[in-house]
Amino acid sequence: MAELPKKRVLSGIQPSGTLHIGNYFGMMRPAIALQAENECFYFIADYHALTQTPDPAELRERVLGVAVDFLACGLDPERTVFFRQSDVPQVQELAWVLSCITPVGLLERCHSYKDKIARGISPNHGLFSYPVLMAADILLYGSHLVPVGRDQKQHLEVTRDLAVRFNQRYGPTLVVPDALIQEATAVVPGTDGQKMSKSYGNTIEIFADAKKTRKRIMRIVTDSTPVEAPKDPERCTVFALYRLFAGPAETAALRERYLAGGMGYGEAKQMLFEKYCSYFGPFRERREELVRQPDHVERILQQGARRARAVASQTLEAVKKAVGLA
Ligand code: ADP
Ligand code: TRP
């Protein structure tokens, strides 16, 4: 039987802070798992991070930090094209072409933009057109699948909308991608029970030191059910996080203990902390090695960028031809 053609998978992550377990379970772990069977393109969205006008030295450092963390968690640069967004400037040309078919109303309806304004951030044009650049990221590589957490769903809808519009106006040129959102990890809760996010200060970092992490886990908000009483695992953030790390049998065992009563939340938190340590322990060791080799990490990104530019140039050429440029 002929082998099925590989799917092209793409995702990006902003270097806007320290990576947390919401990023890991929502995006990084699914992305890493897809490497075995697909042709993957993963990148660090430094152009997108500019919408927050970060300190230049800090931005540069964070890009390398995210690269190290992603590699430590299992991204394989031999299989996967791993690169820095700004090393492929073709994405900006495509973003402009897409901008010219993007209705302003489509961007005005984006939740992520509206949420930022509601939080008092004064919006720059980059923040407004963020989804157009994201669409360009995805369409430039002819991506079929985009693994992300649920918060990115609407941005994927914008991307699909723009690809369809483009193809209708200029003829079939762009691949219309699908979001890949895994139900079980689509929204990882933070220590306060809301969606875990850098902007909410409720994160558990992947690589923070163990003492600090233990403190944060011990501060996870729980209800005031007394120790003896039965507890509802489905409404408990500690349980929701534990099941991300544990296998089905361990999850079922903890569920039983919640329902039986007689276990305090402190004990569940300690179990969660131990799982966190054993899960990320091996990644931590790999990370320590990578931190000592920034030149090696930079070479990986440069090699990825060369491979990415080769694909990007082809799409861009087809797009320019289709619209009447060049
Ligand atoms: P943050 O909200 O902390 O700024 P980002 O927007 O940088 O995180 O997200 C990077 C990736 O991680 C995206 O694919 C996003 O959907 C995913 N992600 C972020 N937070 C969560 C979460 N709490 N649960 C599931 N996925 C998440
Ligand atoms: N907007 C995404 C986030 O904040 C990052 C991103 C940029 C992205 N371009 C992308 C994700 C393309 C997937 C595909 O998490």
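For the structure, see preceding data.
All of the points below concern the structure found in this document.

Rules used in this analysis
- Residues numbered from 1 in each chain as written.
- Chains lettered and ligands numbered in written order.
- Predicted model: local features only at pLDDT ≥ 70, side-chain atom pairs only at ≥ 80, totals over all residues.
- Heavy atoms only, no water.
- Near = heavy atom within 4 Å.
- Areas by Shrake-Rupley, 256 points an atom, 1.4 Å probe, with all protein chains shown as cover.
- Helix = DSSP H or I, 4+ residues; strand = E, 2+ residues; numbered from the N terminus.
- Core = buried A, V, L, I, M, F, W, Y, C linked by side-chain atoms within 4.5 Å.
- Buried < 20%, exposed > 50% of the residue type's maximum accessible area, 1.4 Å probe, protein only.
- Domains from an automatic or database assignment.
- Contact = heavy atoms within 4.5 Å.
- Polar contact = N/O pair within 3.5 Å; in protein donor to acceptor, adjacent residues only side chain to side chain.
- Axes fitted to C-alpha atoms, helices over the stretch in contact; angles between N-to-C directions.
- Parallel < 35°, antiparallel > 145°, perpendicular 65-115°, else oblique.
- Left-handed = near helix turned anticlockwise from the far one by under 90°.
- Nonpolar A, V, L, I, M, F, W, Y, C, P; charged D, E, K, R; others polar.
- Salt bridge = Lys/Arg side-chain N within 4 Å of Asp/Glu carboxyl O.
- Expected span 1.5 Å × (residues − 1).
- Right-handed = clockwise from strand over helix to strand, strands pointing away.
- Pairing = 2+ DSSP bridges.

**Focus on the site of ligand 2**
Taken together, 14 residues lie near ligand 2, and His48, Tyr130, Met134, Asp137 and Gln152 sit nearest. Relative to its unbound accessible surface of 370 Å², ligand 2 loses 90% to contact with the protein. For the shell around ligand 2, the secondary-structure elements that each account for two or more residues are strand 1 (8–13) and helix 7 (125–140). Looking at which element gives the most residues to the shell around ligand 2, the answer is helix 7, with 4 residues.

**Let's talk about the nonpolar core**
Grouped together as the largest cluster of nonpolar side chains are 56 residues, with contacts concentrated most on Ile21, Phe82, Ile206 and Tyr258. When residues of this core are assigned to domains, at least three map to each of domain 1 (8–187 + 294–323) and domain 2 (207–288). Apart from the residues lying within four places of it in its own chain, the contact partners of Tyr258 are Pro230, Lys231, Asp232, Pro233, Cys236, Val238, Phe239, Met263, Tyr265 and Ala268. Counting residues in each nonpolar core, the second largest holds 43 residues, with Leu10, Phe43, Tyr113 and Leu133 among its members.

**Let's talk about the side chain of Ser143**
Among the secondary structure elements, Ser143 is positioned in the loop between helix 7 and strand 4 (145–147). Overall, Ser143 belongs to the buried group, its relative accessible area being 0%. A distance of 2.7 Å separates a polar atom in the side chain of Ser143 from the backbone oxygen of Ile138. If we skip the residues at most four places from it in the chain, Ser143 touches Arg8, Leu10, Ile138, Val175 and Pro177.

**Topic: the packing of helix 7 against helix 8 (residues 153–170)**
When two helices pack together, their arrangement is given by the angle between the helix axes and the distance between those axes. Close contact between helix 7 and helix 8 brings their axes to 9 Å; oriented N to C, the two are set at 70 degrees. Judged by the angle between their axes, helix 7 and helix 8 are roughly perpendicular. Both helix 7 and helix 8 take part in a crossing whose hand is right-handed. On helix 8, the residues that touch Tyr130, Pro131, Met134, Ala135, Ile138 and Leu139 of helix 7 are His155, Leu156, Val158, Thr159, Leu162 and Ala163. When its residues are assigned to classes, the contact of helix 7 with helix 8 shows 10 nonpolar, 2 polar and no charged.

**As for the site of ligand 1**
Around ligand 1, 18 residues are found, and the nearest of them are His20, Gly149, Asp151, Val188 and Lys198. The contact in question runs from a nitrogen atom of ligand 1 to an N or O atom on the backbone of Gly22, over 3.3 Å. Here ligand 1 has 540 Å² of accessible area as a free molecule, and 92% of this is covered by the chains. With 4 residues, the single largest contributor to the shell around ligand 1 is helix 1 (residues 21–33). A per-class count over the shell around ligand 1 returns 7 nonpolar, 8 polar and 3 charged.

**Points about unusual backbone geometry**
Positioned with a positive phi, Thr53 is a non-glycine residue whose angle comes to about 35 degrees. Here Thr53 is to be found in the loop between helix 2 (46–49) and helix 3 (56–72). Thr53 sits in the exposed class, given a relative accessible area of 64%.

**Examining the pattern of salt bridges**
Counted according to the given criterion, the structure contains 17 salt bridges. Residue Arg243 pairs with Glu234 through a salt bridge whose shortest N-O separation is 3.4 Å. With a closest N to O distance of 2.8 Å, Arg257 and Glu267 form a salt bridge. Pair noted here: Arg257 is in helix 11 (residues 248–260) and Glu267 is in helix 12 (residues 265–291), with a separation of 10 residues, a long-range link.

**With respect to helix 3**
Relative to the 24 Å expected for 17 residues at 1.5 Å per residue, helix 3 spans 25 Å between its end C-alpha atoms, a close match to the ideal helical length. Buried within helix 3 we find Leu59, Val63, Val66, Ala67, Val68, Asp69, Phe70, Leu71 and Ala72. Remark: Gly74 follows helix 3 within two positions and exhibits a positive phi of approximately 125 degrees.

**Regarding the pairing of strand 2 (residues 39–44)**
Most of strand 2 is tucked away: 5 of the 6 residues are buried. Traced from strand 1 through helix 1 to strand 2, the parallel crossover comes out right-handed.

**Comments concerning the pairing of strand 3 (residues 81–84)**
Burial of the side chains of strand 3 extends over both faces: Val81 and Phe83 are buried on one face and Phe82 and Arg84 on the other. Where strand 2 meets strand 3, 4 bridges bridge the pair, whose relative direction is parallel. Among the inter-strand pairings, Phe41 is bridged to a residue of strand 3, identified as Val81.

Scope: geometric values only; no functional claims are made or implied.
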